[in-house]
Amino acid sequence: MARFCPEQVAAARAGDEAALAGAIAHMTPAIRRGASVCAGPGLEYEDAVQEGIIALLRAIQTYDPSRAAFEPYAAACIRHAQFSARRAAQRKKHGPLLGSLPLDEETGETSPGPEELAIQSERYDDWMRRLDAQLSPFEREVLGLFLDGMGCARIAATLSRPVKAVENALSRARRKLRAG
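Because the structure is predicted, anything quoted here is derived from the model rather than measured.

Counted according to the given criterion, the structure contains four salt bridges. Measuring nitrogen to oxygen at the nearest pair gives 3.5 Å for the salt bridge that ties arginine 140 to aspartate 132. Looking at arginine 140, the relative accessible area reads 29%, which means it is partly exposed. Sharing partners across several salt bridges, the network here consists of Glu139, Arg172 and Lys176.

Another point: the packing of helix H2 (residues 17-38) against helix H3 (residues 45-62). Packing of H2 against H3 leaves a shortest axis separation of 9 Å and a crossing angle of 135 degrees. In terms of axis orientation, H2 runs oblique to H3. Seen along the crossing, H2 lies across H3 with a hand that is right-handed. Residues Leu20, Ala23, Ile24, Met27, Ile31, Arg32, Ala35 and Ser36 of H2 lie in contact with H3, whose contacting residues are Tyr45, Ala48, Val49, Gly52, Ile53, Leu56, Leu57 and Ile60. Taken together, the residues that form the contact of H2 with H3 break down as 13 nonpolar, two polar and one charged.

Glancing now at the packing of aromatic side chains. Applying the stated rule across the entire model yields two aromatic pairs. Seen in terms of ring centroids, tyrosine 63 and phenylalanine 70 are 5.2 Å apart; in terms of plane orientation they differ by 85 degrees. Their pairing is edge-to-face. Classification of tyrosine 63 as buried rests on a relative accessible area of 6%. Residues tyrosine 63 and tyrosine 73 carry aromatic rings whose centres are separated by 5.9 Å and whose planes lie at 45 degrees to one another, so their mutual orientation is tilted. One end of the pair, tyrosine 63, is in the loop between H3 and helix H4 (70-89); the other, tyrosine 73, is in helix H4, with ten residues separating them in the sequence. Among the residues examined, tyrosine 73 registers a relative accessible area of 26% and is labelled partly exposed. These aromatic residues form a ring-pair network of at least three members: Tyr63, Phe70 and Tyr73. The ring of phenylalanine 138 has arginine 161 sitting right over it, with the charged end atom 4.1 Å from the ring centre.

On the surface, a nonpolar cluster with roughly 310 Å² of combined accessible area is contributed by Tyr124, Trp127 and Met128. By the element assignment, tryptophan 127 lies in helix H6 (residues 114-134). You can call tryptophan 127 partly exposed: its relative accessible area is 39%.

About the cut-offs
- The residue numbers shown here count from 1 along each chain, following its written sequence.
- Totals for whole chains, interfaces and linings use all residues, but because this is a predicted model, local features are given only for residues with pLDDT of at least 70 and pairs of side-chain atoms are given and counted only at 80 or more.
- Water and hydrogen atoms were dropped before computing side-chain values, which therefore reflect all heavy atoms in the structure.
- For this document, the term salt bridge refers to a Lys or Arg side-chain nitrogen within 4 Å of an Asp or Glu carboxyl oxygen.
- Each residue gets one of three labels from its accessible area relative to the maximum for its type: buried under 20%, exposed over 50%, partly exposed in between, using a 1.4 Å probe on protein chains only.
- Only C-alpha atoms enter the line fits that serve as axes; for helices the fit covers just the stretch in contact. Angles between N-to-C directions range over 0 to 180 degrees.
- A run of H or I in DSSP counts as a helix once it spans at least four residues, and a run of E counts as a strand once it spans at least two, with each numbered from the N terminus.
- Angular relationships are summarised with four words: roughly parallel below 35 degrees, roughly antiparallel beyond 145, roughly perpendicular across 65 to 115, and oblique for the angles in between.
- Handedness of each helix crossing follows the sense of rotation of the near helix against the far helix: counterclockwise by less than a right angle gives left-handed, clockwise gives right-handed.
- Residues are treated as being in contact if the distance between any of their heavy atoms lies within 4.5 Å.
- Ten residues, namely Ala, Val, Leu, Ile, Met, Phe, Trp, Tyr, Cys and Pro, are considered nonpolar, four, namely Asp, Glu, Lys and Arg, are considered charged, and the remaining ones, Gly among them, are considered polar.
- Pairs were defined over the aromatic rings of Phe, Tyr and Trp, the Trp ring being its six-membered one, requiring ring centres within 6.5 Å. Orientation was assigned from the angle between planes: stacked under 30 degrees, edge-to-face over 60, tilted for the rest.
- Counted as over-ring charges are cases with an Arg CZ or a Lys NZ within 6 Å of the ring centre that also lie within 35 degrees of the ring normal.
- Residues forming no salt bridge and having over 30% relative accessible area are the ones grouped into patches, like charges within 9 Å of each other and nonpolar side chains (Val, Leu, Ile, Met, Phe, Trp, Tyr) within 5 Å.
- With residues, only the protein chains shown are counted as cover, and all accessible areas are computed by Shrake-Rupley using a 1.4 Å probe.

Okay, here's the thing in structure tokens:
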């Protein structure tokens, strides 16, 4: 592969998009090699490639032709940036992230965020206030036991009340809650 000359680096630094694209294309094998070595827990291959590209752009801006040839300088910048990203990703402070499980994108299931949890909590509180305001203590007790999975006969036995009283209380509670 042809060497990338200092004039091309100067053109890329000046904003010539063709020269910049040429530099990226020229250094892509080095970027990919470094990314495959550095990829691992906490640093995915694509992230390591991005780190390499960012390092290449920085190398173009800081390159001094009087000190070294461009390719070895850029390769060293890329390698150092990718290894730094790998070391940063492996620090213990990232442990909770490394041990976490990704969201299941296929089913679209996600756990609710803080905002959704707050909204659900407010809805629950509103529902409970509504129950307290509209239902008698007996109706609330019957409804609670019914929602826990008890049948009318078992609720009646638990509360020492007639089955018909339990059925009527449940019916009144349903009617009140539907009417809103």
